[in-house]
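Spelled out from the first residue to the last, the chains are:
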Amino acid sequence: MAEVIPIAADHAGYEMKQRLVEELRRLGYEPLDLGTHSSESTDYPAYAHDVAERVEDGTAKRGVLLCGTGLGMSYAANRHKGVRAAVVWNDEVTRLSREHNDANVLVLPSRCIGDDEAARMLRTFLDTPFAGGRHIRRVEGIDAEGGA
Ligand code: RB5
């Protein structure tokens, strides 16, 4: 069965999200499009919480968010336990967000990157495994009281 991947954007990320929904389908995933569904101005936090809640409760293993800078979406998503939402701006950062940080939500800054770059970063996010090893301790330290 195809993996369901929740994806959402505000108005700034709407057009790019539409492209990525198609890309997810092309890659054999089942995108769960949680909005927004037009370019009309809307507030990003609700979309971030909707995707992050699904990752937090295990309904989804990973998710995708887009807004103009990626920042607002990441602030909101990272309030959720176990969610590691990474704002990425190139392929290298995307790869490292998986290998070193075990990112489980990809956050794309739609006003700062192009559609082709976004699609490439999406593929890198989906295909790159967590490296484990010394990074396990560091990732576990994120949620530890007072550090690792
Ligand atoms: C919307 O204008 C913009 O503020 C939003 O997309 C995002 O960049 C917020 O962090």
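Please read these numbers as outputs of a predicted model, since none were measured by experiment.

**A short note on the side chain of lysine 17**
Alright, step 1. Relative to the helices and strands, lysine 17 is located in helix H1 (residues 14-26).
Alright, step 2. For lysine 17, a relative accessible area of 0% corresponds to the buried category.
Alright, step 3. From its side chain, lysine 17 meets the backbone oxygen of threonine 36 in a polar contact 3.0 Å long.

**Here we look at the pairing of strand S5 (residues 105-109)**
Sheet faces and side chains relate simply in a regular strand, where the side chains alternate between the two faces.
Alright, step 1. Of all the five residues making up S5, five are buried; the element is thus mostly covered by neighbouring parts of the structure.
Alright, step 2. Neither face of S5 is left uncovered, since the one carrying Val105, Val107 and Pro109 and the one carrying Leu106 and Leu108 both have all their residues buried.
Alright, step 3. Judged from the five bridges that link them, strand S3 (residues 63-67) and S5 form a sheet pairing that is parallel. Opposite valine 64, over in S5, you have leucine 106 as the bridge partner.
Alright, step 4. Here strand S4 (residues 85-87) pairs with S5 via three bridges, running parallel.

**What about the side chain of serine 97?**
Alright, step 1. Position of serine 97 relative to the elements: it lies in helix H4 (residues 91-99).
Alright, step 2. Taking relative accessible area as the criterion, serine 97 reaches 3% and is therefore assigned buried.
Alright, step 3. Beyond its immediate stretch of four places on either side in the chain, serine 97 contacts Ala86, Val88, Asp102 and Ala103.

What counts, and where the lines are drawn
- Residues numbered from 1 in each chain as written.
- Predicted model: local features only at pLDDT ≥ 70, side-chain atom pairs only at ≥ 80, totals over all residues.
- Heavy atoms only, no water.
- Helix = DSSP H or I, 4+ residues; strand = E, 2+ residues; numbered from the N terminus.
- Buried < 20%, exposed > 50% of the residue type's maximum accessible area, 1.4 Å probe, protein only.
- Polar contact = N/O pair within 3.5 Å; in protein donor to acceptor, adjacent residues only side chain to side chain.
- Pairing = 2+ DSSP bridges.
- Contact = heavy atoms within 4.5 Å.

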